[in-house]
Amino acid sequence: MRRQMRRRALSSLKELDAFPKVSESYVETSATGGTVSLIAFSSMALLAVLEFFVYRDTWMKYEYEVDKDFSSKMRINIDITVAMKCQHVGADILDLAETMITSNGLQYEPTIFDLTPQQRLWQRSLLLVQSRIKEEHALQEVLYKTLLKGGPTALPPRSDAAMEPHNACRIYGHIYVNKVAGNLHITVGKPIHHPQGHAHIAAFVSHETYNFSHRIDHLSFEEEITGIINPLDGTEKITSKHTQMYQYFITVVPTRLVTHKVSADTHQFSVTERERVINHAAGSHGVSGIFVKYDTSSLTVTVTEQHMPLWQFLVRLCGIVGGIFSTTGMLHGLVGFWCDVIRCRFRPRQPREVEITVFLKYS
């Protein structure tokens, strides 16, 4: 009884077989079928390898939401070299609420404005990357994912002790400001901090010493991330005018960066540059200097590195194999059909066999 039940179960299971087996004596191979099979397996291998590279790759996902954090401070990282002596220039920040931000976080270091050959090579490489990012915005995602493999993005120090006199001032450091619009001033004279206004002591500085040729080695907001290149990094402006004004209008967007290499809060920003010569007689009013006017966006961006899950890769791989099998099967049947048609059309005619019946008459 048990054996009969097992036989019935096996027979029922055999009826559900979706892959019937054909005896080898009924299988006929051909050169056409072998060619199509070779094309099919080659296509499968090629597409499977390409799909594996797609599986290994990642992409960046952007999510936008309203920035609800208004009470926290924002950090500004500055590294700017001005072609004037340190005793003649001063830097400070004035925000939208007319609040004077003390510049205690900034340091003044006498230096030489001209770069060494090694530093000049670094600057040219940085500017080349900047130009490529402006043309191909997708390169920014590459920087997010690779971080330039940890490569240095700061100006390399001087390798030789130059004997030339210091003719410039390097202003560097960081300042914490409110998350409102503000203006970073670098102009003649040291700033005066008093509650009734904003002023710089410039009366004792001769106009002949004014020279606001400058180089922005680094300018970023919030946490510094090694390998990330900011829009103004490497910018250099040279002027022969003593009363030159440089303005940089910046829109700052809070950004949360989450990748396989780093997870940090930073800020992206776009910049618009403007420069002009101060000439009160011609109607061009203002103050000579470098002014970085920034404003924060009301939106925050979360940039997350995404990876294809394993199950999706397997589904796509099965789709490739099944699709190629089906397509090549139809191709093989079509080729076989046309081969049969051509073979029948050009087949030589065989002589007909005629049956002759002879009737004999007996007399």
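Since we're looking at a predicted model, the values are computed, not measured.

Draft legend 1. Structural view of the nonpolar core. Counting 33 residues, the largest nonpolar core has I76, V82, I171, L219, F221, I250 and Y294 as its most contacted members. Taken together, the elements giving at least two residues each to this core come down to β2 (73-82), β3 (89-95), β6 (168-178), β7 (182-188), β10 (214-221), β12 (244-258) and β14 (289-296). Top element by residues in this core is β2. It accounts for five residues. Every residue in contact with V82, bar those within four places of it in the chain, is listed here: F113, A168, C169, I171, I186, N211, F212, S213, H214 and I290.

Draft legend 2. Up close: helix α3 (residues 117-135). For α3, which comprises 19 residues, the first-to-last C-alpha distance of 27 Å matches the rise-based estimate of 27 Å (1.5 Å per residue) to within 8%. Structurally, α3 contributes buried residues whose contacts are with α4 (139-146), β10 and β11 (235-237).

Draft legend 3. Up close: the pattern of salt bridges. Using the criterion set out here, one finds eleven salt bridges in the structure. For K237, the salt bridge is made with E273, and the minimal N-O distance between the two is 2.9 Å. On the criterion of sequence distance, the pair formed by K237 in strand β11 and E273 in strand β13 (residues 263-277) is long-range, its members being 36 residues apart. A salt bridge links E275 to K237; the shortest N-O distance between them is 3.8 Å.

Draft legend 4. Examining the sheet that holds strand β5 (residues 106-111) more closely. The antiparallel open sheet is built from five strands, whose spatial order is β5-β6-β2-β10-β11. Both edges of this open sheet fall to β5 and β11, since each of them pairs with a single strand only. On average, each strand axis in the sheet is inclined to that of its neighbour by 15°, with strand direction left out of account. Sheet topology places β2 next to β10; seven bridges connect them, and they run antiparallel. Bridge pairing links T81 to R215 in β10.

Draft legend 5. The arrangement of the environment of I171 in detail. Here I171 lies in strand β6. For the pair I171 and I216, spaced 45 residues apart in the sequence, the C-alpha separation amounts to 9.8 Å. Leave out the neighbours within four places in its chain, and I171 touches I78, D79, I80, V82, V89, A91, L106, Q107, Y108 and I186.

Draft legend 6. Layout of the state of the cysteines. Enumeration over the complete set of coordinates arrives at one disulfide. Note on cysteine connectivity: C86 is disulfide-linked to C169, with sulfurs 2.2 Å apart. Disulfide C86-C169: the torsion about the S-S bond is 105°, which places it as right-handed. Here C86, found in the loop between β2 and β3, pairs with C169, found in strand β6; they are 83 residues apart in sequence, far enough to count as distant. Relative accessible area serves as the criterion here: at 0%, C169 is assigned to the buried category.

Parameters at a glance
Residues numbered from 1 in each chain as written. Predicted model: local features only at pLDDT ≥ 70, side-chain atom pairs only at ≥ 80, totals over all residues. Heavy atoms only, no water. Core = buried A, V, L, I, M, F, W, Y, C linked by side-chain atoms within 4.5 Å. Buried < 20%, exposed > 50% of the residue type's maximum accessible area, 1.4 Å probe, protein only. Helix = DSSP H or I, 4+ residues; strand = E, 2+ residues; numbered from the N terminus. Contact = heavy atoms within 4.5 Å. Expected span 1.5 Å × (residues − 1). Salt bridge = Lys/Arg side-chain N within 4 Å of Asp/Glu carboxyl O. Pairing = 2+ DSSP bridges. Axes fitted to C-alpha atoms, helices over the stretch in contact; angles between N-to-C directions. Disulfide = S-S within 2.5 Å.

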